[in-house]
Each structure stands twice: as structure tokens, then as C-alpha cells.
Amino acid sequence: MRTRSKLMHGVALGALAVLSSPSGAHAQQALPQITIGAAQRAPATPPAVEESTTGEHGYAPGFNPVRAKLPIYRDPPGETATTVNTKFLRPTPLVDVRGVLNYSPGVSIQQGNNARDLMISIRGSGNRLGVGFPFGIRNIMLWEDGFPIMTADGNGRSDLLDPHSYAAVDVYRGPSSALFGNYAYGGAINFRTFTGAEIDGVHTGSEFGSFGYVNNYIRVGKAVKDSVLGGFDLAFFASDANSTGWTRNSFSGKQAKFLGRWDVTPADRVTVKYIANNLRSEYINRENIGVFYLNPFQQGCAIPTVWNAQLCNNLNVPANGAYTDGRVAPPPPKTFAPLVKQSVWQLGTHTNTLRQIGGVQFEHDFDKDTTWRSLFTYDYLDNINGTWTPPKVGPTFVGGLGGPVGIRGPTVGITAQTDITSHVPIFGFPATHFLQFFYNNAKTTNPLFNQIPNTWYSGATGAQVSKIDSYTSNISLRAREEIALAPGLTGVIGFSANWNRVWGVNTVYNYAINQKPAFPTQIAVDNDYWNTAPDASLTYRYGPEWQVRARYATGYSTPTFVFLTNTRNGVGQNPLKAQTNMGVDLGIDWTPRSDLTVSVTGFNEWHRNEILTLSNALVSYQQNIPASLHRGVELNADWRPFEGWRLITAYTFNNQFFTNYWDDLGAVSGVPALAKVPVLYNRAGNRIPNVPAHTLTTRFGYDQPFGDLAGLGAYVEYIFKSDYTIDNANYTTIPSYSVVNLNAHYNHDLTNFYIKNIELYFDVQNVFNRTYVNGATVLGNSLIPGTALQTPIVWPTGGLVLAQGAGIIAGQPRGYTAGIKLKF
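Let me begin by describing the structure that accompanies this report. This structure is a prediction, so every number in the text was calculated from the model and none was measured. (Residues numbered from 1 in each chain as written. Predicted model: local features only at pLDDT ≥ 70, side-chain atom pairs only at ≥ 80, totals over all residues. Heavy atoms only, no water.)

**Re the sheet that holds strand E6 (residues 147-148)**
As a general point, the strands of a sheet are linked pairwise by backbone hydrogen bonds and lie either parallel or antiparallel.
Move 1: Spatially, E1-E2-E7-E8-E5-E6 is the arrangement adopted by the 6 strands of the open sheet, whose pairing is mixed. What marks the edges here is a single partner per strand, and that holds for strand E1 (49-51) and E6.
Move 2: With 7 bridges joining them, strand E7 (residues 166-173) and strand E8 (residues 187-193) adopt antiparallel strand pairing. Paired with Tyr172 across the two strands is Ala188, which belongs to E8. (Pairing = 2+ DSSP bridges. Helix = DSSP H or I, 4+ residues; strand = E, 2+ residues; numbered from the N terminus.)

**Regarding the nonpolar core**
Move 1: Ranked by internal contacts, the top residues of the largest apolar core, which has 43 residues, are Leu101, Ile120, Phe180, Ile189 and Phe191.
Move 2: Element by element, the count of residues in this core is highest for E7, at 4 residues.
Move 3: Apart from residues no more than four positions distant in its own chain, Phe191 is found in contact with Val97, Leu101, Leu142, Trp143, Glu144, Asp145, Leu161, Tyr166, Ala168 and Val169.
Move 4: Formed by 15 residues, the second largest nonpolar core is a distinct cluster that contains Val465, Val502, Val525 and Ile611. (Core = buried A, V, L, I, M, F, W, Y, C linked by side-chain atoms within 4.5 Å. Buried < 20%, exposed > 50% of the residue type's maximum accessible area, 1.4 Å probe, protein only. Contact = heavy atoms within 4.5 Å.)

**Quick look at the pairing of strand E5 (residues 141-144)**
Move 1: The side-chain alternation of E5 yields two buried faces, one formed by Met141 and Trp143 and the other by Leu142 and Glu144.
Move 2: Note: E5 against E8, 4 bridges, orientation parallel. Bridge pairing in E8 links Trp143 to Asn190.
Move 3: The pairing of E5 with E6 spans 2 bridges and is classified as antiparallel. Across the sheet, the residue bridging to Trp143 is Pro148, located in E6.
Move 4: Linking E5 back to E6 in an antiparallel pair, the connection comprises 2 residues, with Asp145 at a positive phi of about 55 degrees.

**Overview of the environment of Tyr183**
Move 1: Tracing the backbone through its elements, the reader meets Tyr183 in the loop between helix H5 (177-180) and E8.
Move 2: Taking relative accessible area as the criterion, Tyr183 reaches 3% and is therefore assigned buried.
Move 3: C-alpha separation for the pair Tyr183 and Gly154, spaced 29 residues apart in sequence, amounts to 5.9 Å.
Move 4: Excluding residues within four positions of it along the chain, Tyr183 makes contact with Asn139, Ile140, Met141, Ala152, Asp153, Gly154, Thr472, Asn474, Asn500, Tyr556, Ser557 and Thr558.

**Notes on the side chain of Ser125**
Move 1: With respect to the helices, strands and loops of the structure, Ser125 is situated in the loop between strand E4 (118-122) and E5.
Move 2: Polar contacts involving the side chain of Ser125 include one to the main-chain carbonyl oxygen of Ile122, which spans 3.0 Å.
Move 3: If we ignore the near neighbours within four places in the chain, the residues touching Ser125 are Asn139, Ile140 and Gly186. (Polar contact = N/O pair within 3.5 Å; in protein donor to acceptor, adjacent residues only side chain to side chain.)

**Remarks on the pattern of salt bridges**
Move 1: Counting across every chain of the model gives 36 salt bridges.
Move 2: Note that Glu79 and Arg480 form a salt bridge whose closest N and O atoms lie 3.5 Å from each other. Of this pair, Glu79 sits in the loop between helix H3 (65-68) and strand E2 (81-85) while Arg480 is found in strand E20 (residues 461-486), placing the two residues 401 residues apart along the sequence. With respect to burial, Glu79 and Arg480 carry one shared label: buried.
Move 3: Between Glu282 and Arg280 there is a salt bridge, and its shortest N-O distance comes to 2.2 Å.
Move 4: Assessed through its relative accessible area of 9%, Glu282 is described here as buried.
Move 5: Assessed through its relative accessible area of 9%, Arg280 is described here as buried.
Move 6: Taken together, the shared-partner salt bridges in this structure form one network comprising Glu51, Arg67, Glu79, Arg123, Arg173, Arg480, Glu482, Asp535, Arg551, Asp585, Glu605 and Glu634. (Salt bridge = Lys/Arg side-chain N within 4 Å of Asp/Glu carboxyl O.)

**With respect to a nonpolar patch on the surface**
Move 1: A contiguous nonpolar surface patch, about 640 Å² in accessible area, is contributed by Phe366, Trp372, Ile420, Leu435, Phe437, Ile475 and Leu477.
Move 2: Looking at the nonpolar patch, the elements with two or more residues in it are strand E19 (431-451) and E20.
Move 3: Residue placement: Leu477 occurs in strand E20. (Patch = residues over 30% accessible without salt bridge, like charges linked within 9 Å, V, L, I, M, F, W, Y side chains within 5 Å. Areas by Shrake-Rupley, 256 points an atom, 1.4 Å probe, with all protein chains shown as cover.)

**Points about the side chain of Gln111**
Move 1: As for its placement among the helices and strands, Gln111 is situated in strand E3 (residues 107-111).
Move 2: Among the polar contacts made by the side chain of Gln111, one reaches the side chain of Arg98 at a distance of 3.1 Å.
Move 3: Polar side-chain contacts of Gln111 include one of 3.2 Å to the backbone oxygen of Asp117.
Move 4: Beyond its immediate sequence surroundings of up to four residues, Gln111 is in contact with Arg98, Arg116, Asp117, Leu118, Met119, Ile284, Arg286, Asn774, Gly775 and Ile809.

**Re the packing of aromatic side chains**
Move 1: Under the criterion given, the structure shown has 18 aromatic pairs.
Move 2: Between the aromatic rings of Phe658 and Tyr661, the centroid separation amounts to 5.0 Å while the plane-to-plane angle is 55 degrees, which identifies the pairing as tilted.
Move 3: The exposure class of Tyr661 is buried, given its relative accessible area of 2%.
Move 4: Taken together, the ring pairs in this structure connect Trp143, Tyr172 and Phe180 into an aromatic cluster.
Move 5: Cation over ring: Arg123 sits above Phe603, and NZ or CZ is 4.0 Å from the ring centre.
Move 6: Geometry around Tyr715 places Arg699 over its ring, the cationic atom sitting 3.8 Å from the centre. (Phe/Tyr/Trp six-rings, centres within 6.5 Å; stacked < 30°, edge-to-face > 60°. Lys NZ or Arg CZ within 6 Å of the ring centre and 35° of its normal.)

Here it is as C-alpha cells:
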């Protein structure tokens with residue numbers, strides 16, 4: 001790990017050394033010229049949030065000359081796609097990418113297992129998949145500058161996403177598999193880093209604040225043209241972020257990114273992409289709803305005692321790090337292998353991941369209308385992680401309880417795609433034709449180990465409990481036709497077909513009563529899934545003010561290998577089906593003038609075999625939901641009523657419920673005659689768990705545009721999330737919350753000086769110090785054993801219960817952050 005850290009530091013310091021060697025002329029420049037009282041007006045401000053194709057006045061949607069030179073996924077007509085321009089976030093401290101994505105309607109974010117682990121969801125698609133292994137983001141596709149940053153099994157990680165590296169973020173809401181293939185079940189996100197032309201020099205920044213937060217970053221970039229070598233656009237980013245956290249969830253993340261483009265000839269271009277990320281983060285002690293109300297920040301929980309048992313959600317682990325008979329210490333005299341209570345900090349449960357992604361794209365213009373692109377990426381993810389494992393299987397073994405484990409081993413994969421885009425008219429109608437072949441794969445080798453008690457920071461591992469060897473691949477063909485049917489009307493049809501194969505072996509090592517490993521149990525999987533996704537849309541622009549969008553789209557997402565080897569009773573084969581999503585969107589975009597943009601989208605989606613992750617206090621497992629309905633409304637607005645004043649709003653309404661789902665609570669216990677009879681509950685009409693009905697992010701602020709105080713500004717930000725259930729029976733409810741943030745900032749340009757611009761800001765988060773739930777997992781329902789009526793309950797219940805496998809994380813209390821940015 002120390003070697004990794006030195007490598008990341010070396011990359012960043014090397015770039016700084018190159019850029020910090022000014023000539024003698026630079027060193028002797030005069031002091032900055034500061035003009036006081038100038039009446040110069042600020043240039044026009046671009047919209048903070050904008051729907052696709054709304055700014056293309058004078059052309060059929062999707063057919064302006066600028067878009068014709070871009071890849072097919074940029075500003076696609078008909079798609080429900082929002083672009084968040086990060087320029088308005090310049091004075092905002094950005095600890096993670098949540099600060100950017102909160103301003104896209106339809107997006108919701110919950111805290112994951114560690115400080116930089118976020119569960120990003122579009123229209124609720126990812127909030128139902130839990131936080132166990134495999135951790136990360138699912139059911140949406142993630143890209144950076146058009147290069148995939150998800151593994152072939154559909155797993156994405158938010159620790160790659162330092163928001164200071166992004167100039168804009170494109171959010172594609174709703175099913176999008178026709179354009180992006182497998183896993184674009186709920187949508188897709190493309191993060192766009194700053195190009196060399198946008199940076200045009202050196203940008204540095206430092207943020208520091210409460211809970212030990214410090215983030216130092218640098219952007220370096222330049223675009224140059226040479227008559228012999230062609231044109232170059234080179235951009236480099238590096239950051240070093242650290243925090244102690246408000247629940248002892250410290251992290252240290254180092255990151256470097258490079259994006260380079262070479263215009264070899266007027267018809268040939270090469271783009272190179274590289275990402276290196278090294279994260280070390282402590283895990284968070286999750287809690288049940290009762291403990292959340294009593295001790296939300298897990299104070300005094302580092303060492304379990306009889307006094308804090310009701311206030312802490314600590315874990316039971318084998319005292320010897322290998323096996324147990326399931327009893328909790330202090331044991332009776334005849335118990336030889338007890339369990340002991342441990343906190344995640346005592347166990348040293350943490351994540352330490354090294355991620356490297358390298359990619360190259362070749363572009364060739366056959367003529368002015370036809371472009372061929374080919375892309376290749378190599379993705380290496382090295383895991384050192386803690387997680388929760390299901391109970392082991394076997395007739396005679398000790399240690400059948402699931403529990404916290406350590407994961408090791410890499411995931412290695414490649415992506416190869418080639419496509420052709422043509423703008424040749426059809427029967428005189430302007431048109432864009434697109435055809436793409438896509439392939440990716442990922443090989444995973446993950447041994448899992450028990451954790452040894454009282455190892456603290458090191459997180460030492462004990463006996464191996466299992467090993468996962470899996471392989472996933474996707475082969476896909478995608479096509480799209482965009483036709484300008486009239487001067488203001490564009491029709492689109494698209495289609496994708498995908499063959500996905502998931503195979504591998506989950507080997508479980510059981511420990512017999514004589515303390516020796518018994519014969520291992522192996523669960524083998526070899527599944528393939530064939531899915532297709534049609535897509536059709538109409539986009540009509542009625543003058544420069546109004547645009548109407550109507551869309552029919554489909555999405556699909558196949559289960560990952562680990563999902564196929566977990567059941568409610570432990571490790572075993574789980575015959576999950578691929579989940580599919582068929583949706584209809586209707587949207588209206590209103591731009592009456594340059595300082596007002598409003599977009600409203602209504603959606604209705606029919607889901608089949610939606611995968612839901614449940615937890616029953618012993619194990620996390622997945623189930624297919626035969627049918628469910630998701631519908632809602634999304635709104636975004638950017639209004640500048642007077643010069644300097646600005647109101648930005650993103651709102652989402654979600655109404656999601658089961659339409660066909662019989663919840664299997666297992667067999668009846670305590671009644672021998674019914675021991676093998678499953679207990680089924682009809683959940684039709686119940687709300688889908690972990691999806692808030694209402695989410696709202698809005699900010700209202702003022703920036704002085706001219707005069708002596710030009711660049712001085714402030715804003716207030718308000719974030720609201722309504723209450724939501726976290727179980728299928730809708731018994732347990734997470735309370736709603738609202739958070740208010742305040743910000744003051746100053747931005748000033750300097751002339752005739754080495755420094756071109758300076759920006760200062762100070763931010764107060766959670767001004768009223770609200771205690772709220774920042775993340776939760778879906779809990780399974782169970783039966784009270786031995787009762788005549790078999791009353792259904794939730795594990796854990798909604799009241800004050802013993803700490804036993806909960807999934808709640810408290811949000812940040814009041815905090816303060818300051819920052820400074822310089823441009824050279």
C-alpha cells in the first residue's frame with residue numbers, strides 16, 4: 001500500500017514540477033493590476049442544468065453542426081438526458097460527486113459502506129440492491145469521456161469520481177439499453193472531464209474543513225496546434241483527499257487522470273484515457289432504527305461492553321478467527337469456540353482498492369459525412385475489502401453463521417467496441433445512422449477470509465471461508481436511426497441485442513467439529529442471458545421557446561455471479577432471471593428567454609423480474625420481483641430573474657409499488673406438520689422499499705456582477721428527502737429530513753500577473769444540525785418462530801431492539817468547509 005501511495009504522489013509531483021518552472025520573465029512580472037469600480041458586465045451565463053437538444057434553435061433537434069461531430073451519445077434527441085454544467089458549482093466545496101448529481105432530477109444518492117462509497121440511483125433503480133458484496137453501483141451504466149468505467153459484470157464504483165475533475169455530467173434517465181446495452185436498466189451517466197482547451201493553463205485548489213477533511217487538487221491542460229505534428233489537447237488531473245469522518249469513517253484517496261487527443265491528420269484522431277485511483281477507507285458501523293434514534297453517530301462503540309450493547313450495532317465474529325459453535329462469549333464451560341462482539345474499528349474492517357483504467361480511441365473520417373470509431377480499454381481493480389458473507393453450507397461443520405469477512409483479489413477486464421456513424425440523408429431528409437459492435441469481459445478471483453478480532457487498523461484475516469472464481473462477458477450489437485422529419489421534428493428508432501454469459505464456482509470451506517476443514521462445498525454457475533431493447537422517440541420544437549419529447553424505451557440488466565450463489569438460507573444456487581424495464585416518457589422544455597429554462601418530464605415504467613436485495617439479520621440475498629410499476633415526475637429549472645440573482649431547482653416525485661409479488665418468508669417453524677410449507681405474503685400494492693417519494697435540491701443566491709464588489713456572492717441551498725419504507729411489508733419507515741447549507745464566496749480576475757484568477761469560499765453544511773438517515777439498506781421480513789399465528793415482523797423491528805444486522809447510516813452533522821482556488 002505504501003508503494004501505491006508513493007506512485008500516486010510521484011505522478012502528481014512530477015506534473016507540478018514541470019508546470020512550476022516559469023521563465024525569468026515570469027518571475028519578474030509586475031504586481032497584479034486590479035481595476036476598481038469597472039462597469040463591465042459579466043458574459044452570458046450558460047444554464048446550470050439543461051435537457052438534451054434544448055439549445056439547438058434553428059435546427060431540427062439533434063441536427064446542429066456541432067453535434068454532428070460528436071459521438072452518438074452526446075446530446076441525443078429523444079433521450080431524457082440532463083446535462084449538469086459544473087461551472088455554477090465553482091464556489092461549492094465538493095467532497096464527493098453527490099454535490100453535482102443532486103442537481104439532476106431523477107437521481108438519488110445514499111451512503112455506502114465507506115466514506116467515498118455512494119449508492120447512485122436513477123429513478124430508484126439502484127437503491128434496492130443493498131451494500132454487501134459485490135458493493136458498488138448497479139443498474140446504471142457509467143462512462144467517463146465516453147470510456148466505460150464499469151466492469152463487465154455491471155459493477156461501478158464512486159471512489160473514482162472526484163467531482164473537481166469534471167466540467168459537465170450527462171445523466172440519461174430511464175431505460176437506455178438501446179444506446180448503452182446491458183446494465184443501462186435505469187439509465188446511464190457520462191462524466192466529462194475538463195479538456196486542455198477548457199483548462200488552458202494550471203488550476204489548483206484546496207478545500208479543508210470539519211472532520212479532518214482536506215482535498216488538494218490540480219488541473220493542468222493546454223490545446224496547441226502544430227503545422228507538422230497536428231493538433232494536441234492534453235489535460236491532467238490529480239487529487240489527494242483525506243478525512244477522519246464524523247463516525248470514525250476515515251478515508252485517504254489519491255487519484256490521477258489523463259485525457260489526451262491528437263489530431264493526426266484532418267481526418268484522423270487518437271484519444272488516450274488513463275485513470276489511477278488508490279483508496280484507503282474505514283468501514284462504517286451500520287445501525288438499526290432504534291439505535292439510530294439513541295446513538296446515531298455510534299459514539300462510544302469502538303469497544304463493545306455490556307453498557308453499550310443497546311446503543312451500538314456491533315458484530316459477532318469467531319474468537320479464534322476461524323470457526324465457532326455459534327455461542328456468544330462469555331461461553332459456558334463446554335463451549336470451545338465462542339463468538340465475540342466486535343466493532344468494525346476493532347476488526348479493522350476497511351477497503352483498500354487500487355484501480356487502473358487505460359483506454360485508447362481511434363477515429364477516422366471516410367468523408368465529411370461518415371466517421372469510424374474504435375475503442376479499447378483495459379480495466380484492473382485490486383480488492384482489499386471487508387463485507388458480509390452468507391452462512392456456509394454443510395451437514396457437519398462449526399461456524400455456519402454468516403459474518404464479516406475480508407475479501408482479496410483482482411477483477412481484470414477489457415472492453416472493445418467499433419462503430420460507424422453516417423450523416424447521409426434518406427430520401428432528402430437529414431439523417432444520422434449508427435451501428436456498433438461491442439464486447440467486454442471481466443475475470444474475478446476473490447478469496448474470502450474470516451477476520452481476526454482486535455486487529456484494529458490492520459484488519460488482519462484468519463481462516464479462509466470461501467473463494468469466488470467467476471467470469472462475465474457481453475457481446476452486443478446496437479443500431480440507431482435519427483431522421484429530421486420536418487424542420488422542427490426529429491424521429492428516432494434504436495435497437496440493441498446482447499448475449500451475456502456468467503459462469504464460475506463459489507467454493508465454501510466448511511470446518512468440522514474436529515476443527516479441521518471438511519470437504520469444500522462448490523456451487524457452480526453457468527448461465528447465459530439473451531436480451532433485446534427497442535427504442536423510439538419523437539422530439540418536436542415549436543419555435544425557440546418550446547420543445548416536446550415523447551419516448552418509448554426498454555432496458556435490461558443481468559444478475560452478477562454473486563447474486564446467483566446467495567439464497568435466503570445461505571450459499572446455494574439462486575435461479576435469478578434478467579430484469580427488464582419498459583418505459584414511456586413525456587417531457588416539455590420551456591425556454592422563453594436566455595435567463596429561464598424549465599423542463600418537466602413524466603414517466604411510467606413497467607418492470608419485470610426486478611432484482612431486490614434483502615437482509616434478514618443473517619444474510620443478504622436477492623429475489624426477482626415478477627412485476628412492479630414505477631411512475632413519477634421530474635422537474636429542473638434555472639431562473640435568473642434579475643442580474644446577479646439565480647434560482648436552481650431539481651425535483652423528483654417517485655410513486656413505485658409492487659403489482660405482482662408473493663414474498664416468501666420461509667417455512668413455518670415450531671409446527672412440525674408445516675415445517676416444509678412456505679409462508680407467502682401478497683405484497684401487491686405495497687410501496688417498493690428504499691425509494692423516497694419526494695426529493696428536492698434547490699439553491700437561491702446572488703453574485704455581484706460588476707462594480708467594486710464584483711465577484712462577491714452568497715447562496716442558500718435546501719435539500720429535502722421525504723420518508724420511505726425499507727421493507728416489503730412497509731412496517732419500518734425512515735423519517736424524512738431537510739438540510740440547509742449556507743455559502744459565501746469571492747471570485748476575482750487578475751491582469752498582468754502570474755495568477756489569472758483567485759476564488760475564495762466558505763460553506764456551512766447542515767446549518768440547523770439536523771440528525772438524519774444518509775443511507776439505508778432493504779430489510780427482509782421474517783416470522784416470529786414458535787408462535788401460533790406466525791406474526792410477520794421485520795429484522796430488525798422498528799422499535800428498540802438488540803443490535804442485530806441493521807443497515808442505517810447517519811448523515812453528517814453541522815460542518816464547516818473553506819476553500820481557495822487559483823488559476824495560472
